[in-house]
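What follows is each chain in one-letter form.
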Protein chains: 6
Amino acid sequence: MTKKWRKEFEEERSRLNEIVTSSGHLGIKRFFALDDQAYHAGALPPKVKELIGLVASLVLRCDECVSYHLIKCKDEGVTDEEFYEALNIALVVGGSIVIPHLRRASERHENMQEK
Amino acid sequence: MTKKWRKEFEEERSRLNEIVTSSGHLGIKRFFALDDQAYHAGALPPKVKELIGLVASLVLRCDECVSYHLIKCKDEGVTDEEFYEALNIALVVGGSIVIPHLRRASERHENMQEK
Amino acid sequence: MTKKWRKEFEEERSRLNEIVTSSGHLGIKRFFALDDQAYHAGALPPKVKELIGLVASLVLRCDECVSYHLIKCKDEGVTDEEFYEALNIALVVGGSIVIPHLRRASERHENMQEK
Amino acid sequence: MTKKWRKEFEEERSRLNEIVTSSGHLGIKRFFALDDQAYHAGALPPKVKELIGLVASLVLRCDECVSYHLIKCKDEGVTDEEFYEALNIALVVGGSIVIPHLRRASERHENMQEK
Amino acid sequence: MTKKWRKEFEEERSRLNEIVTSSGHLGIKRFFALDDQAYHAGALPPKVKELIGLVASLVLRCDECVSYHLIKCKDEGVTDEEFYEALNIALVVGGSIVIPHLRRASERHENMQEK
Amino acid sequence: MTKKWRKEFEEERSRLNEIVTSSGHLGIKRFFALDDQAYHAGALPPKVKELIGLVASLVLRCDECVSYHLIKCKDEGVTDEEFYEALNIALVVGGSIVIPHLRRASERHENMQEK
């Protein structure tokens, strides 16, 4: 994994999203909009929503969903301490089966902190 | 479901926890302690941690875990708006398979708000 | 389980859905609409879509989702043979962990066939 | 839960299995046979296989599957210490989301030990 | 991903299946046979069964199972419209956690349509 | 996959574990210790515990967890016959969705047997 993982991840995600949306299926398009809106500011701030999305992705064990919320958490200013407390909740709720995803999430998180 | 669900839930939970801990298995006892500590105040406040626990329980579809965090969320002062925004994230992440749990969570939440 | 399970199931489902929708959360309301539309006639007929929904609910092991699609399958004219072939796919894909749900689905299906 | 849970569980299981097998679907019938044979004595003794089945059922969170293997474990002479060590593995692998199932499994296990 | 993904996928699958079957375990061999037969023509046509298999694989989030049924769906003549309606059901049932698999499935599907 | 998969797997695992533990989060550190201890000799021998861990990892479909327990099973002297009987239980419990993981587990197992 290179330091450029974020850029590569975002480009691949955009490329594939275009394939999906070019299908023209209205239900899928609307679902994508609902997904986006669920993390917008409301009664709960985006930072809290992204932490919730991160932990939900970890306990459901989806690396790509984890990477997506990792990036959002960084952009929302989640600190190292907050990040590892969220990871700890995911670990306790989801068990050791979560560990491989927690390891990769930690590496990607550390990688984004480097200058 | 009666208004007393919280009391009945907590009593049954305590009764069964005693059966588990009376087994004397040290690993299980230590896991229960780690589980408890994961939601204590730290860099993230308990309210945020309980919301995370609530959504993680919903996407993993465990009614009892949901009920446990519902109670904690209420005690931490989670508002109606915050509650339904968290439920919405769980629904979008986990899909329609979450709906039966979301329905029951909503009823239990409303039930706790009544005087 | 009584022969009236369908009526009781539908009434309870309506009652709880009202609690959810009375929350007024727009995202949840829109998700419920997308969920509904996904099974409407399109390139694939409703009968095929309900069979897909039934098997998806079985492999994800949600009794209420199974019951919902059981009713829809019956209304779409799914025959006994078609029903058990769908159940067999769910069993092979999802394994023996699906069996308790398959048992209850079979009972509810047979119950609906009785005069 | 009464002391008679085992008898009630086994009768209900038989009753529903008859509904399934009376469907006459050959694939389902063959799957049930494969399921049965997987726990027969082979290179691994039935006791080890039942412990494996118990933990697999716990991490997949199926109460009925857990109850089935609990009974088999008892009949194979699994001791209290062995039982709780298996439960501990299930808890560590599957996380706190397993706890409600672990609680009920412990009660049912203790219940079977009583004279 | 190259246009040759189908060929590479099928070759790797065959190579690994040989390793499994050369173990000589009768139960595994019989399970593979049951798996194969579940999608044969019966009361439901193979096309419907493959669509069911595709959606079940998507909601359980197994890329290889998805790829397998994608190929079968193409061979059974599933159209673009039918394909995206099935994907939409998988998305609604399984939630946003399905999206990474839906993206890859869409790319592989489009790839197979190209001349 | 080369014959050196075990060495590469163990080195990568160590490298990532260091990233996680260097976070200094006490809860995560304690969870890792509980995870380790769960497989130590007790009333059940390590070989049985590793077989349980292997099957739990297979039904939860985590390749890395499977690889970890594969190595441990080999070190505990699990024979070919015992290995495939455990795999068969995982297959029956978890269904065809387990097959891609079972294939890779078989290849890695065979690979470790070669001289």
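Given the structure is predicted, the values throughout are model-derived calculations rather than measurements.

I'd like to hear about the overall build of chain A, residue by residue, with values.
Counting its secondary structure elements, chain A contains 6 helices and 0 strands. Going residue by residue from the N terminus, the α and β elements of chain A occur as α-α-α-α-α-α. Each of the three principal axes of chain A carries a C-alpha extent, and together these read 40 × 35 × 30 Å. By the burial criterion, 47% of the 115 residues in chain A qualify as buried. Sequence-distant contacts, at least 24 apart, represent 61% of the contacts inside chain A between residues at least 6 apart.

Talk me through the relation of the copies chain A and chain B; I want residue IDs and the actual numbers.
In screw terms, the move from chain A to chain B is a rotation of 180° and a rise of 0.0 Å along the axis, fitting with an RMSD of 0.0 Å. Within this description, the copies of the chain are treated as partners about a two-fold rotation axis.

Pulling in residues and values, what's your account of the interface of chain F and chain D?
Taken together, the contact pairs 24 residues of chain F with 24 residues of chain D. Within the residue set of the side of chain F that touches chain D, elements represented by two or more residues are α2 (26–37), α3 (46–59) and α5 (80–94) of chain F. When grouped by side-chain class, the residues that make up the side of chain F that touches chain D number 15 nonpolar, 4 polar and 5 charged.

Summarise the interface of chain A and chain B; cite the residues concerned and give the values.
On the chain B side, the residues contacting the 24 residues of chain A number 24 residues. When its residues are assigned to classes, the side of chain A that touches chain B shows 15 nonpolar, 4 polar and 5 charged.

I'd like a description of the relation of the copies chain F and chain D, backed by residues and values.
The two copies are related by a screw motion: chain F maps onto chain D through a turn of 180° and a shift of 0.0 Å along the axis, at an RMSD of 0.0 Å. In this assembly, 100% of the residues forming the interface of chain F have copies in chain D that are likewise at the interface, indicating an isologous arrangement.

Residue-level account of the environment of Ile71(E), with values.
Residues and elements named next belong to chain E. Within the secondary structure, Ile-71 sits in helix α4 (residues 63–75). By the C-beta count within 10 Å, which is 19 here, Ile-71 ends up partly exposed. Spatially, the C-alpha atoms of Ile-71 and Trp-5 are 11 Å apart, while their sequence positions differ by 66 residues.

Tell me about the environment of Asn88(F), residues and numbers included.
Relative to the helices and strands, Asn88(F) resides in helix α5. Residues Asn88(F) and Val55(F), 33 residues apart in the sequence, show an inter-C-alpha distance of 9.2 Å. The contact partners of Asn88(F), leaving out residues within four places of it in the chain, are Ala38(D), His25(E), Gly27(E) and Ile28(E).

The rules behind the values
- Residues numbered from 1 in each chain as written.
- Chains lettered and ligands numbered in written order.
- Predicted model: local features only at pLDDT ≥ 70, side-chain atom pairs only at ≥ 80, totals over all residues.
- Helix = DSSP H or I, 4+ residues; strand = E, 2+ residues; numbered from the N terminus.
- Buried ≥ 20, exposed ≤ 12 C-beta atoms within 10 Å, placed from the backbone.
- Contact = placed C-beta atoms within 7 Å.
- Least-squares fit on C-alpha atoms with pLDDT ≥ 70 in both.
- Nonpolar A, V, L, I, M, F, W, Y, C, P; charged D, E, K, R; others polar.

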